[in-house]
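# Architecture and fold: a report
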Amino acid sequence: MHVTELNIYPLKSGRGIALPAARVDALGLSGDRRMMLTDPSGHFITQRELPALATLTALPQSSHLQLSLADGREMMVAPPHPERRKDVAIWKSIVSAAVAEDSVNIRLSEWFGREVKLVFFDGGASRTATRDWAGPDSPVSFADGYQVLVTTTGSLSALNADMAAHGEGSVGMERFRPNVVVDCDEAWAEDNWAAIEIGGIRFDLVKPCARCIMTTQDQQTGSREGANPMPAMGRIRMSADRRVPGPLFGWNAVPRGEGQLALGDAVRVIEHRQEGWAIKKR
């Protein structure tokens, strides 16, 4: 098995950026989900309620951040002043985040037709993943809950085969917004991986990823008019474990070291989960 994709999402719910190589540290892939939009109260915003975020690309440069929409509008954003801070809410976490200048937030609000603020997970921000799954003192940025999302090609093929059998079309891996995609022929093999090693780094697969309406959205346009993988996941990937309810695709992983990953890197299973994960029978 080997790595076939490496992706980061600099702005939470914004467009992904495919990379040939990526640095890994305790927060996951370098640059992943270090920014997000919030409403005026500080509550995080995603494609769930703002599908147009799929049209926004955040591209960090050496001294500035470039934001661009699919329609050609763009702006350069200076690094935030570390003293411009706001407590923001992401799920159950409250994070002290740096806030972009007012002029940036005004323009972004115009772009999306609602008041938003751009916030940054900088050196003054801190957050930890859920101890019960990730262990103690496991730092995470603005990701939904964990540092790295791992998916496999074999599982996508199995999902698309079920969709095709029901006349539902097919979807690409981008619908699931993974960080690391592993080329693996066996569908759902990852349910039995407790830990893998890539580039000399151990990744503990700590919790399966329950999926939501974002998987129904085109990741270039935000449209929900195309193929929808949710019915197929409901048929073949519905969790039978109440700790993680709903349809599952991919695994949340915690890096236990630092280093470099690259496309083509070998993926080795170093610890197995003998019981896998309970899936409801059809």
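None of the values given here were measured: they were computed from a predicted structure. (Residues numbered from 1 in each chain as written. Predicted model: local features only at pLDDT ≥ 70, side-chain atom pairs only at ≥ 80, totals over all residues. Heavy atoms only, no water.)

### Describing the layout of surface pockets
- Roughly 950 Å³ of volume is contained in the largest pocket.
- Considering the residues around the largest pocket, the lining is formed by 36 residues, among which Arg48, Trp91, Asp144, Gly145 and Cys209 are closest to the centre.
- For the lining of the largest pocket, the elements supplying multiple residues, two or more each, are strand E13 (148-152) and strand E16 (201-210).
- The element that contributes the greatest number of residues to the lining of the largest pocket is E16, accounting for four residues.
- A breakdown of the residues in the lining of the largest pocket according to their chemical character gives 15 nonpolar, nine polar and twelve charged.
- Considering the residues around the second largest pocket, the lining is formed by 13 residues, among which Tyr9, Gly16, Glu174, Gln219 and Gln220 are closest to the centre. (1 Å grid on protein atoms, 1.4 Å probe; cavity = no way out; pocket = protein on both sides within 12 Å on 5 of 7 lines; lining within 4 Å. Points joined across faces, edges and corners; volume = space filled by probe spheres on them. Helix = DSSP H or I, 4+ residues; strand = E, 2+ residues; numbered from the N terminus. Nonpolar A, V, L, I, M, F, W, Y, C, P; charged D, E, K, R; others polar.)

### Things to note about helix H1 (residues 102-112)
- Every buried residue belonging to H1 is among Val104, Asn105, Leu108, Ser109, Trp111 and Phe112, and all of these are buried. End-on view of H1: buried residues confined to an arc of 155°, all on one side of the axis. When the buried face of H1 is taken as reference, the exposed residues oriented beyond 90 degrees from it are Ser103, Ile106 and Glu110.
- Contacts made by the buried residues of H1 are with strand E5 (35-38), strand E7 (56-60), strand E8 (65-69), strand E9 (74-77), strand E11 (93-99) and strand E12 (117-120).
- Downstream of H1 by one or two residues, glycine 113 has phi in the positive range, about 70°. (Buried < 20%, exposed > 50% of the residue type's maximum accessible area, 1.4 Å probe, protein only. Arc of directions from axis to C-beta. Contact = heavy atoms within 4.5 Å.)

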